[in-house]
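Fold and contact review
The primary structure of each chain is shown beneath.
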Amino acid sequence: MNTHKCLALAVLVGAVLAMGGCVRDARTTEGFALFDTATVNAPFQDAWQMTKTVLREHEYEIYTRDTRGVFVAFSPMRRNLFLVPQRVKYTVSLEAISDDATEISVESIKQVYGVSLLTYPGWHDRQMTDDGEAKAILEAVAAKAGGPGVDAIPVTQATTVGNMS
């Protein structure tokens, strides 16, 4: 190799190594998620089965089914105007309050698929602004739990919390 090529290669290698020191912390997602909760008049196991049924009826992709009371489900992937894939992640938690009542909580967070200069391709959390689908999940489970003469406790207001996952 001539000296100009060696010098250019050395500068290129030095630039690549210098960029390795520019790594920054991951973007904070504190406050991106919305959190909704409701209490249904149903035993824990019944509420778990009803929640699984509702998620399937809404055609969510159920990624995790933890029988201790956690579901991780994703809405169908869609592309926005710029063809960027996006979805919503729902973390549904169930907790037995009594033998005949279960509290169901839904954390929802918007996700987009992408890559930046300093990250690997993957799903990245974004600010969630609408909790309509989370409320629909809770209301559908409450409707399934509510039989004749049994009223489900209404869904409470959404609150913004940090990303729990």
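Residues numbered from 1 in each chain as written. Predicted model: local features only at pLDDT ≥ 70, side-chain atom pairs only at ≥ 80, totals over all residues. Heavy atoms only, no water.

1. Remarks on the overall build of the protein
The cut-off we apply is this: Secondary structure elements are defined from DSSP: runs of H or I of at least 4 residues count as helices, runs of E of at least 2 residues count as strands, and each element is numbered from the N terminus. Buried residues are those whose accessible area, probed at 1.4 Å on protein chains only, stays under 20% of the maximum for their type, while exposed residues exceed 50% and partly exposed ones sit between those limits. Every residue pair with non-hydrogen atoms within 4.5 Å of one another is taken to be in contact. Working definition of accessibility: Shrake-Rupley area with a 1.4 Å probe, residue cover restricted to the visible protein chains.
Secondary structure assignment for the protein yields 3 helices and 8 strands. Starting at the N terminus and walking to the C terminus, you meet the elements of the protein as α-β-α-β-β-β-β-β-β-α-β. Residues counted as buried form 34% of the 165 residues belonging to the protein. For the protein, restricting intrachain contacts to residue pairs at least 6 apart in sequence, the fraction spanning at least 24 positions comes to 56%. Of the roughly 10,300 Å² that the protein leaves accessible, carbon and sulfur atoms contribute 57%.

2. Concerning the side chain of Ser108
Tracing the backbone through its elements, the reader meets Ser108 in strand E6 (residues 101–114). For Ser108, a relative accessible area of 0% corresponds to the buried category.

3. Overview of the pairing of E6
Note the cut-off: Whether two strands pair comes down to DSSP finding at least two bridges between them.
In terms of residue burial, E6 counts as a mostly covered element, since 10 of its 14 residues are buried. When strand E1 (residues 33–40) meets E6, the two strands line up antiparallel, connected through 7 bridges. Directly across from Leu34, in E6, lies its bridge partner Ser108. Two elements, strand E5 (residues 85–98) and E6, share 12 bridges in a ladder whose sense is antiparallel. When the sheet's bridge partners are listed, Ala96 is paired in E6 with Thr102.

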